Each structure stands twice: as structure tokens, then as C-alpha cells.
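The residues making up each chain are set out below.
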Amino acid sequence: MNFQNYRLITIPISHFSEKARWALDRLNIPYTEEPHVPVFHRFATLKYDGSSVPVLATENHGNLVDSTDILHYLNAIAPVDKKLYPEIPELRKEVEELEDLFDEKLAVAVRNWGYFYKVKDRQAMRRGWCTNTPWFEQMGFTILFPLLSNLLQKKFQLTAENAAKSLAEIQEVFELVSQKLSDGRSYLVGDNFSAADLTFAALSAPILMPPEHFLKPQPLSQLPPEMAIVIQELQTTHAGNYGLRLYREERHFS
Ligand SMILES: N[C@@H](CCC(=O)N[C@@H](CS)C(=O)NCC(=O)O)C(=O)O
């Protein structure tokens, strides 16, 4: 493979960033990660014509501003044994449909449910938003936290009612994944690890809290009890077990 100077713009806790990080690590592609505090990330993403994270800046292929585009790009340069999308059209379609479902339904629900419990917890938010970010952005976080916390609550309508709706959506997706796995298969589609598996595990990481994640999980005893109970339940479902297994067995680091 011809390695270039890849730069990955991220927010530390962002599960979409973890999706891109995992794909790069899996292919053993060296890259420089540039983590940013939310809001400040816009200065970095704008530079590369994006708004959200992740953004992958490449030398030969321009800037990729969406995690799915990043996975497709990496798939195109991956050796045959590391492909993320199957060659067979029906299997590929199935992988892409699952990836879309996880991106559009699971990811949003995980974000809203998690933030509902964490948005006022300065310590937890500092960990998720500031780890490895530039010092001046961390200073900005310290000063602006009350404002950022309020903005987030309004932007994502973080109410108890919406948190319950988000949890129901998470449970629906987990149920679907558990059903797919109930015939004993090792991966969601076909016989190999694919973008569908990677996306499910990466986007579920904030609730499954795998020990292999670079942001080491907080002990459940430190979480709000209501949150800890749900996390424990989700971790022990078939889908939860499988997400944790993928982190143990498939989350290689470059
Ligand atoms: N469709 C995008 C969604 C990415 C996304 O929603 N990223 C969130 C962080 S997890 C983000 O950047 N939010 C801040 C923003 O949109 O400015 C992708 O797959 O890359």
C-alpha cells in the first residue's frame, strides 16, 4: 500500500470518529489524529470543507468529510483480506443497509441517550471532549462549559421523554442485531468481518464501554444508577456480547 500523510480530525468521544479510527487502524495505515473540543472542531473541519467529524484529509484524494465515505475510500485501497465491503453485490448491499441503519438510528439514539445523563457532569464531559485536545481549546471548555452544556441540551432536546425514546430505539437495533446473530453466525453479513460489524461496535461503544476503547470506561458505580442498569442490561444481550467481542478480537491498533 502506498501510504500518504493522512490526518484525521476528530472529537475524542465521537463514535463516528471511532468508526474511522478503527478502519484506519485495521488497515495498519499510519495517520495523525487531531482531536478537538466540540465547537472548536469547526475551525479544523472548515479548513477541510467539512462541518462534522470525522474528516480524513488525504494528499491524493482530497478531504473525506463523512465516516461512510472514509470507509469506502479505505476499502478501495485495502488488500483483499482486509476489505470492509464484500464483492458479492447482494452481500455488499446488506452491509451498506446495516451501516446506514446504524449511522442514522443507533448513532443518534446513543448520542442523545448518553448526553441526557452526562451533559451536566463537567468531569465526564471534560474527559469525553478534551482528552488530547489543544490546551487553548481545553481552556475554552473550562470557561464556556455552562454555556456549551445549555446549548447541547437545547440542540438535542435532552429531556427525560426523549431519552426514553432514544433508549427504545437503541433496544430495537440491539434486538435486530441479536436476531441476526441467533443462528450462530460470527459476523452480521457473510463469513467475514465487514463495515456493518465495525459500525455497530464503534457506534455502540459509548454504551457498551469496551475496555479496549482508548477512552477507558468509567466504572459503572460512578454512573447515574439508572444509566448503569441499562448499560449492564445492554452489555449482556446477544448484540452487546458481540459488540464487546468485536472490540476484543477485531479492534487492532496501528
Ligand atoms: N454522517 C456523519 C455524521 C458525523 C457526526 O454526526 N459527527 C458528530 C460527532 S459524533 C459531530 O461532528 N457533531 C458536531 C457537528 O456536527 O458539528 C458521518 O458519518 O461522518
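Up top is the structure.
Any details on the pattern of salt bridges? Residues and values, ideally.
Per the counting criterion, the structure on display carries 14 salt bridges. Ionic pairing is found between Glu 249 and Arg 245, a salt bridge with its closest N-O pair at 3.2 Å. Of this pair, Glu 249 and Arg 245 both sit in helix H10 (residues 238-250), separated by four residues, roughly a single helical turn. For Arg 245, a relative accessible area of 18% translates into the label buried.

Before we move on, could you go through the site of the ligand and cite the residues and values that matter?
In the region of the ligand, the neighbouring residues are Ser 14, His 15, Phe 16, His 41, Arg 42, Ser 51, Ser 52, Val 53, Pro 54, Asp 66 and Ser 67. His 41 is positioned such that a nitrogen or oxygen atom in its side chain is 2.8 Å from an oxygen atom of the ligand. Contact between the ligand and Val 53: an oxygen atom at 2.8 Å from a main-chain N or O atom of the residue. Contact with the protein chains removes 74% of the 510 Å² of surface that the ligand exposes when unbound. Among the secondary structure elements, those contributing two or more residues to the shell around the ligand are helix H1 (15-26) and helix H2 (41-47). Each residue belonging to the shell around the ligand can be placed in one class, and the counts come to three nonpolar, six polar and two charged.

Go over helix H6 (residues 135-155) with me, naming the residues and quoting the values.
With 21 residues, H6 should reach 30 Å at 1.5 Å per residue; the first-to-last C-alpha distance of 26 Å falls well below that figure. Of all the bends found along H6, the most pronounced is centred on Leu 144 and spans about 75°, while Pro 146, a proline, follows it within four residues. By the burial criterion, the buried members of H6 are Glu 137, Gly 140, Phe 141, Phe 145, Leu 148, Ser 149 and Leu 152. The inward-facing, buried residues of H6 abut helix H4 (89-118) and helix H5 (122-130). Note on H6: the residue one or two positions beyond its end, Gln 157, has a positive phi of about 45°.

Which residues make up the packing of H4 against helix H9 (residues 225-235), and what are the values?
To describe two helices that pack against each other, one gives the angle between their axes and the distance between the axes. Between H4 and H9, the shortest axis-to-axis distance is 10 Å and the interhelical angle comes to 150°. When the axis of H4 is compared with that of H9, the two are roughly antiparallel. Viewed along their axes, H4 and H9 form a crossing whose handedness is left-handed. Where H4 abuts H9, its residues Trp 113, Gly 114, Tyr 117 and Lys 118 lie against Glu 226, Met 227, Val 230 and Ile 231. In the contact of H4 with H9, the residues fall into five nonpolar, one polar and two charged.

I'd like a description of the packing of aromatic side chains, backed by residues and values.
Aromatic rings considered in pairs are described by the distance between their centres and by the relative angle of their planes. This structure, assessed with the given rule, holds 14 aromatic pairs. Seen from their ring centres, Trp 113 and Tyr 117 are 5.2 Å apart, and the 70° between their planes marks the pair as edge-to-face. In this pair, Trp 113 and Tyr 117 are both assigned in helix H4, four residues apart and thus about one turn of the helix distant. Take Trp 113 and Tyr 117: they sit in the same class, and that class is buried. Centre to centre, the rings of Tyr 115 and Phe 156 are 6.3 Å apart; their planes meet at 5°, and the pair counts as stacked. In this pair, Tyr 115 sits in helix H4 while Phe 156 sits in the loop between H6 and helix H7 (160-181), placing the two residues 41 residues apart along the sequence. Three or more aromatic residues joined by ring pairs make a cluster, and in this case those are Tyr 115, Trp 129, Phe 141, Phe 145 and Phe 156.

Would you mind going over the sheet that holds strand E1 (residues 6-10) in detail, with residue names and values included?
Spatial strand order, E2-E1-E3-E4: four strands in an open sheet with mixed pairing. With one partner strand each, in any of the chains shown, strand E2 (31-35) and strand E4 (63-64) form the two edges of the open sheet. Sheet strands in contact with H1 are E1, E2 and strand E3 (55-57), and its direction is about 155° off that of E1.

Talk me through unusual backbone geometry; I want residue IDs and the actual numbers.
At the junction of Val 53 and Pro 54, the peptide bond is cis and its omega measures out at 5° in the coordinates. Note that Pro 54 resides in the loop between H2 and E3. Of note in the backbone geometry, Val 39 takes a positive phi value of approximately 80° without being a glycine. Its relative accessible area of 43% is what places Val 39 among the partly exposed residues.

About the thresholds
- Residues numbered from 1 in each chain as written.
- Predicted model: local features only at pLDDT ≥ 70, side-chain atom pairs only at ≥ 80, totals over all residues.
- Heavy atoms only, no water.
- Salt bridge = Lys/Arg side-chain N within 4 Å of Asp/Glu carboxyl O.
- Helix = DSSP H or I, 4+ residues; strand = E, 2+ residues; numbered from the N terminus.
- Buried < 20%, exposed > 50% of the residue type's maximum accessible area, 1.4 Å probe, protein only.
- Near = heavy atom within 4 Å.
- Polar contact = N/O pair within 3.5 Å; in protein donor to acceptor, adjacent residues only side chain to side chain.
- Areas by Shrake-Rupley, 256 points an atom, 1.4 Å probe, with all protein chains shown as cover.
- Nonpolar A, V, L, I, M, F, W, Y, C, P; charged D, E, K, R; others polar.
- Expected span 1.5 Å × (residues − 1).
- Bend = angle between axes of the 7 residues up to and from the residue.
- Contact = heavy atoms within 4.5 Å.
- Axes fitted to C-alpha atoms, helices over the stretch in contact; angles between N-to-C directions.
- Parallel < 35°, antiparallel > 145°, perpendicular 65-115°, else oblique.
- Left-handed = near helix turned anticlockwise from the far one by under 90°.
- Phe/Tyr/Trp six-rings, centres within 6.5 Å; stacked < 30°, edge-to-face > 60°.
- Pairing = 2+ DSSP bridges.

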